[in-house]
Amino acid sequence: NEANGGGMWVDDSGVTLSDVVFADNSASDDGGGLYCSGPGARIVDLLDVSFTGNAAGDDGGGMYAPDHSVTMMNVMFQDNTAGAWGGGLAVGDTGSELNADLTNVVVIGNSADEGGGLACLSGTLNLTNATFNANSAVSAGGAVYADEVNGTVTITNVIMWGDNSAYQPEIITDGLPSISYSLIQGTGGSGPGWDGEWGVDGGNNIDADPIFVDAVGANLRLLPSSPAIDAGDDSVPNLPATDFDDNPRIQNGAVDMGAYEFAAFTHASVNSIEDVPDDQGGWARIFFTRSSYDDPDETQYPIDRYDIHRRMDSPVLMATILSEGDPVEPGSEISVQTKDGFPVVLYAFAEGPRLIRFDDRYFVAPNDGGFGAPPGVWEVVGNVSAQQQDQYVRLVPTLGDSSAAGVPHTAYYISAHTTTPTVFYDSPVDSGYSVDNIAPGVPQGLSVAYNTGSGNQLSWEPSSEPDFQYCKIYRGSDPSFTTGPGNLVHETATPPWSDPDHDGGGIHYKITAVDHSGNESDPASPGTLTSAGDLPVPESFALHQNTPNPFNPTTVIRYDVPAGGGRVTLRIYDVAGRLIRTLVDRNVTPGHKSVTWDGKDARGNQVSSGIYFYRLVAGNATFTKKMVFLK
């Protein structure tokens, strides 16, 4: 962090830089990343240099060269800021003479008061095969400010789109630049629609969406339908042999506008995998760019459809599929439906990836030689018909939702299938995740019975939510208490619950439901409150069926004691008649009673899964019922 040149300061000399990155530097005055100053004519020569996230209080957020001539090729200015001129780059100073020659330059997301992307304050500016996007200026010239240039401005093969400012969102100059073979938003394009305020129409200019691959994601490469493809001038002086990506600059005998040449690609390209908002989770949307063979002019291998494959990340399941699945006979075509009901036709290859049927589902796996699908076992979870769209989107199921325990990513790849079944193109693997955004419903039917003789009894209706996991029970001394970690007293997957610490009034309860992703419902307060005095005294001893049954890990056993009370024993036995545990053996007051068994024997050991009997002996009566413990 310096007054000038936060990353580097070159004084009274020339400099040649290549393969250098200036990132996250700052200067209180000029040149957040690089500052070049000094008397006399000097040259700043940059090749394969990038300026990202730099900031200057005055001029040149990425770079400032007030009195040096500048040549640049394959240079990136991204997300730099300046308080005055030139968010990405500022060159020249009032009265100085210099040349600024910029070729294969990408200027994106920069901001300043004037000249959000570039400010040229004197001399001659030549822009060739440059791309500007999403730059902003407070006052004027969202992309380029050259309002006091004492020379000429020439713009050729340039794209300026999606920049903004209060005045002249793309370019402002006082010298009426010569603009040709360029795509600039708002110019009206060459011919009768040209707006002369922008400059002199040199011909072959366009005012139309350049159709970037992903402008939001800062990918300013061109999609196949871009009007900038093959629309540039291949006779421009000093045209470089390659573009910003080192692709040949002249392809098909023509040059594209902008910093990037369109590069044909056979496979689809995944742009992003995004969670579906405000749902119960389990789904994401995959956005992808078409194959260059998905084109009406393609005659040999036109794309017919895209299949979306999801990787099975369970090693046990993958091993089971490979060992126990049934390989589909090579040459067979199988018609199936994806999870959301769309039909898919799968083809079993004689060579390449294998198609395996397991549990009425079909999986794709590499053959023994490793040729074909990416490593792993894959299931086709969706497809899209080829329709020459620049971008496709498809809803796809994930393997799990993001939760407090972590973010499980699901891997996908896309196969572009031609009308010839044996010819297809696989994309690189990418991954995404889903989020359960919806909390479960509030528990219903909560009631509390006080003064039961064995703890206050809470009961409620079991949850029917498909992603329900458990309930949280909170306890407070005031009916309007706020639920929180400090008053959480119990967690259980099933009702009911007996409070072991309280058996009487003056205490209040609330419960919530929690799903598998950790979402918690609003709290439910009791709709019914009873006490022992509110219920009729039972007429006789009775034993009721335990709930829940089967159970794990706990179950509640209810029994009745008539007027006068009496001695009660309640014991658990296994199927061989061996005593497992005594739950009650004492004199009990009249009323409706309950006791919880935690599935443990008298020594505190967890019992095995199976059938158990519970027997109530009270007075002259004996009752026996059966229950099932499942692990």
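For the structure, see preceding data.
This text gives an overview of the structure that appears in the document.

Criteria and thresholds
- Residues numbered from 1 in each chain as written.
- Predicted model: local features only at pLDDT ≥ 70, side-chain atom pairs only at ≥ 80, totals over all residues.
- Heavy atoms only, no water.
- Helix = DSSP H or I, 4+ residues; strand = E, 2+ residues; numbered from the N terminus.
- Rg over C-alpha atoms; globule rule 2.2 N^0.38 Å.
- Buried < 20%, exposed > 50% of the residue type's maximum accessible area, 1.4 Å probe, protein only.
- Contact = heavy atoms within 4.5 Å.
- Core = buried A, V, L, I, M, F, W, Y, C linked by side-chain atoms within 4.5 Å.
- Pairing = 2+ DSSP bridges.
- Axes fitted to C-alpha atoms, helices over the stretch in contact; angles between N-to-C directions.
- Salt bridge = Lys/Arg side-chain N within 4 Å of Asp/Glu carboxyl O.
- 1 Å grid on protein atoms, 1.4 Å probe; cavity = no way out; pocket = protein on both sides within 12 Å on 5 of 7 lines; lining within 4 Å.
- Points joined across faces, edges and corners; volume = space filled by probe spheres on them.
- Nonpolar A, V, L, I, M, F, W, Y, C, P; charged D, E, K, R; others polar.
- Polar contact = N/O pair within 3.5 Å; in protein donor to acceptor, adjacent residues only side chain to side chain.

### Topic: the overall build of the protein chain
Okay, so step 1: Each helix and strand counted, the protein chain has one helix and 56 strands in total.
Okay, so step 2: In terms of overall dimensions, the protein chain is more spread out than a globule: its C-alpha atoms have a radius of gyration of 37 Å, far above the 25 Å expected for 631 residues.
Okay, so step 3: If one aligns the C-alpha atoms of the protein chain with their principal axes, the spans along those axes are about 115 × 65 × 45 Å.
Okay, so step 4: In the protein chain, which comprises 631 residues, the share counted as buried stands at 49%.
Okay, so step 5: When contacts within the protein chain are restricted to residue pairs at least 6 apart in sequence, long-range pairs at least 24 apart make up 67% of them.

### Quick notes on the environment of R558
Okay, so step 1: Mapping R558 onto the fold places it in strand β51 (residues 555–561).
Okay, so step 2: Take R558: its relative accessible area is 29%, and that puts it in the partly exposed class.
Okay, so step 3: For R558 and G33, which are 525 residues apart along the polypeptide, the C-alpha to C-alpha distance reads 77 Å.
Okay, so step 4: Setting aside residues up to four positions removed in sequence, R558 forms contacts with Q457, P496, L543, H544, K593 and S594.

### As for the nonpolar core
Okay, so step 1: Within the largest apolar cluster, 41 residues are counted, with the highest numbers of intra-cluster contacts made by M63, M72, L127, F132 and M160.
Okay, so step 2: Setting aside residues no more than four positions away along its own chain, M72 makes contact with L46, M63, F77, L89, D101, L102, T103 and V105.
Okay, so step 3: Counting 22 residues, the second largest nonpolar core, distinct from the first, contains F541, L583, V584 and W597.

### Some points on the sheet that holds strand β53 (residues 579–588)
To summarise the sheet geometry, strands pair through backbone hydrogen bonds and adopt either a parallel or an antiparallel arrangement.
Okay, so step 1: Taken together, four strands build an open sheet; the order of strands is β53-β52-β55-β56 and the sheet is antiparallel. In the strand order of this sheet, the two ends are held by β53 and β56 (621–629), each with one partner. Across the sheet, the axes of successive neighbouring strands diverge by a mean angle of 15 degrees, strand direction being ignored.
Okay, so step 2: Across seven bridges, strand β52 (residues 566–574) lies against strand β55 (residues 610–618) in antiparallel orientation. Paired with T569 across the two strands is V617, which belongs to β55.

### Brief notes about the pattern of salt bridges
Okay, so step 1: According to the stated counting rule, one finds 14 salt bridges in the structure shown.
Okay, so step 2: Between D313 and R311 there is a salt bridge, with the nearest N and O atoms lying 2.7 Å from each other.
Okay, so step 3: Residue class for D313 comes out partly exposed when judged on its relative accessible area of 33%.
Okay, so step 4: Overall, R311 belongs to the partly exposed group, its relative accessible area being 26%.
Okay, so step 5: Of the charged contacts, one joins E520 and K472 as a salt bridge, the two residues approaching to 3.9 Å between their closest N and O atoms. With E520 in the loop between β48 (508–515) and β49 (528–531) and K472 in strand β45 (residues 468–476), this residue pair connects regions lying 48 residues apart in the sequence.
Okay, so step 6: The exposure class of E520 is partly exposed, given its relative accessible area of 32%.

### Some thoughts on the layout of surface pockets
Okay, so step 1: Reported here for the second largest pocket is a volume of approximately 310 Å³.
Okay, so step 2: In terms of lining residues, the second largest pocket is bounded by 21 residues, among which H490, W497, S498, T554 and T596 are the most central.
Okay, so step 3: Only β46 (488–492), β47 (497–498) and β51 provide two or more residues apiece to the lining of the second largest pocket.
Okay, so step 4: The dominant element in the lining of the second largest pocket, judged by the number of residues it contributes, is β46, at three residues.
Okay, so step 5: A per-class count over the lining of the second largest pocket returns eight nonpolar, eleven polar and two charged.

### Notes on the side chain of S498
Okay, so step 1: Looking at the secondary structure, you find S498 in strand β47.
Okay, so step 2: Among the polar contacts listed, one links the side chain of S498 to the side chain of Q457, at a separation of 2.6 Å.
Okay, so step 3: Every residue in contact with S498, bar those within four places of it in the chain, is listed here: S454, N456, Q457, S594 and T596.

### Let's talk about unusual backbone geometry
Okay, so step 1: Residue P496 follows P495 across a cis peptide bond; omega there is -5 degrees.
Okay, so step 2: Secondary-structure assignment places P496 in the loop between β46 and β47.
Okay, so step 3: N549 connects to P550 through a cis peptide bond whose omega is 0 degrees.
Okay, so step 4: Within the secondary structure, P550 is located in the loop between β50 (542–543) and β51.
Okay, so step 5: Positive phi, close to 55 degrees, is recorded for D19, a residue that is not glycine.
Okay, so step 6: Mapped onto the secondary structure, D19 falls in strand β3 (residues 15–23).
Okay, so step 7: With a relative accessible area of 62%, D19 lands in the exposed category.
Okay, so step 8: Positive phi values are uncommon outside glycine, yet N104 reaches one of about 55 degrees.
Okay, so step 9: Counting through the fold element by element, N104 comes out in strand β12 (residues 99–108).
Okay, so step 10: Looking at N104, the relative accessible area reads 0%, which means it is buried.

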